[in-house]
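The primary structure of each chain is shown beneath.
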Amino acid sequence: MSVATTNKHPLDWVNVSYFLLIHLAALFAFLPSNFSWSAIALALVLHWITGGLGITLGFHRLVSHRSFQAPKWLEYFLIFCGSLACQGGVLDWVGLHRMHHLYSDTEADPHDSNAGFWWSHMGWLLHIIPKRSEVPRFTKDIGDDPVYQFLQKNFVLIQVAFGLLLYFLGGWPFVVWGIFVRLAVVFHCTWFVNSATHKFGYVTHESHDHSKNCWWVALVTYGEGWHNNHHAYQYSARHGLQWWEIDMTWMTIRLLEMLGLATNIKLEPKSSQ
């Protein structure tokens, strides 16, 4: 089925070139001249800032699902962090994710897991799929916001400017680890939510799709691996619903609540904080 899906859609050579360039550039980390403990530490910190605060907290739980509210300045900061993950424009990301929830594991799902692991992981990003044209109707609440529009159009240029800053601070090791290695790793961590958590793990709730709770995906995505919980209660700010389901992003939301920066927090039915 994966082959059939691939054959239906022509390759998107812009995306193919984009992802190939980033992955090839990340291989320069294996050169002895680019090894640096400070550069590795930088990549780990940026993994959390861009993948944790940006994608998981900002793009996903705050904007895609509005599972809590935050001051506009904080929302924009989190969206900026997510844009540094360079996973496409924020409007495209949010629209495609909302589409995924509406059509989960059907042919209308942009990364339908029935089409195979490769397709749901990254194959769908390498092809021109008509579903992307539907994105604007899923982002009417943010589509006219000038900050969102700016980040949508300029996320690559922002990444280039960030790379120049890292070069100034630490030379090529900072660029290789802080940009290319970090981007590639955050890419795959995020993509595992689309692929691995629709194949590996356990089911706690009826969600009418193939979503599963997968501990190791939760570990590398700051709590996003409790995907069956999320698909059952998609507007809940908390994804880890059992005591052993560690959800670092939920802990962050609780901290923001204590600081008065997270309000109107939505939870799964019949639960308390």
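Conventions adopted
- Residues numbered from 1 in each chain as written.
- Predicted model: local features only at pLDDT ≥ 70, side-chain atom pairs only at ≥ 80, totals over all residues.
- Heavy atoms only, no water.
- UniProt positions renumbered as here; feature names shortened; annotations may be inferred.
- Helix = DSSP H or I, 4+ residues; strand = E, 2+ residues; numbered from the N terminus.
- Patch = residues over 30% accessible without salt bridge, like charges linked within 9 Å, V, L, I, M, F, W, Y side chains within 5 Å.
- Areas by Shrake-Rupley, 256 points an atom, 1.4 Å probe, with all protein chains shown as cover.
- Salt bridge = Lys/Arg side-chain N within 4 Å of Asp/Glu carboxyl O.
- Buried < 20%, exposed > 50% of the residue type's maximum accessible area, 1.4 Å probe, protein only.
- Phe/Tyr/Trp six-rings, centres within 6.5 Å; stacked < 30°, edge-to-face > 60°.
- Axes fitted to C-alpha atoms, helices over the stretch in contact; angles between N-to-C directions.
- Left-handed = near helix turned anticlockwise from the far one by under 90°.
- Contact = heavy atoms within 4.5 Å.
- Nonpolar A, V, L, I, M, F, W, Y, C, P; charged D, E, K, R; others polar.
- Core = buried A, V, L, I, M, F, W, Y, C linked by side-chain atoms within 4.5 Å.

### Focus: the UniProt feature "domain: Fatty acid desaturase" (unreviewed entry) in the protein chain
- Here, UniProt's "domain: Fatty acid desaturase" (unreviewed entry) annotation points to residues 36-250.
- Secondary structure content for residues 36-250 is 57% helix and 0% strand, and the end C-alpha separation is 32 Å.

### Things to note about a nonpolar patch on the surface
- Together, Leu20, Leu24, Leu27 and Phe30 make up an exposed nonpolar region whose accessible area comes to about 460 Å².
- With respect to the element layout, Phe30 can be found in the loop between helix H2 (13-26) and helix H3 (37-64).
- Under the relative-accessibility criterion, Phe30 is labelled exposed at 73%.

### What to know about the packing of aromatic side chains
- For the structure shown, the criterion picks out 12 aromatic pairs.
- With a centroid separation of 5.3 Å and 80° between ring planes, the pair formed by Phe19 and Trp191 is classed as edge-to-face. Remark: Trp191 occurs in helix H7 (residues 146-194) and Phe19 occurs in helix H2; sequence separation between them is 172 residues. As far as burial versus exposure is concerned, Phe19 and Trp191 are alike and both buried.

### Focus on the packing of helix H4 (residues 72-83) against H7
- For the pair H4 and H7, the least separation of the axes is 9 Å and the interaxial angle reads 35°. Seen along the crossing, H4 lies across H7 with a hand that is right-handed. When H4 is examined against H7, the residues Glu75, Tyr76, Ile79, Phe80 and Ser83 are found in contact with a partner set consisting of Val147, Tyr148, Leu151, Phe155, Ile158 and Gln159.
- Grouping the constituent residues of the contact of H4 with H7 by class yields eight nonpolar, two polar and one charged.

### Concerning the UniProt feature "transmembrane region" (unreviewed entry) in the protein chain
- What UniProt calls "transmembrane region" (unreviewed entry) maps, in this numbering, to residues 12-31, 37-62 and 74-95.
- Overall, residues 12-31 shows 70% helix and 0% strand. The separation of its end C-alpha atoms is 31 Å.
- In the segment residues 37-62, helix accounts for 100% and strand for 0%; the C-alpha atoms at its two ends are 33 Å apart.

### Things to note about the nonpolar core
- Counting 64 residues, the largest nonpolar core has Phe68, Val90, Trp177 and Ile253 as its most contacted members.
- Of all the secondary-structure elements, those providing two or more residues to this core are H2, H3, H4, helix H5 (90-102), H7 and helix H10 (248-258).
- The biggest single contributor to this core is H7, with 17 residues.
- Look past the residues within four positions of Ile253 in its chain and what remains in contact with it is Leu57, Arg61, Phe68, Ala237, Ala262 and Ile265.

### Thoughts on the pattern of salt bridges
- For the coordinates displayed, the defined rule picks out eight salt bridges.
- Two residues, Arg66 and Glu75, come together in a salt bridge whose shortest N-O distance is 3.2 Å.
- The class for Arg66 is partly exposed, based on a relative accessible area of 25%.
- Classification of Glu75 by relative accessible area gives buried; the value is 3%.
- Connected through salt bridges with shared partners, the residues Arg61, Glu224 and Asp247 form a single ionic network.

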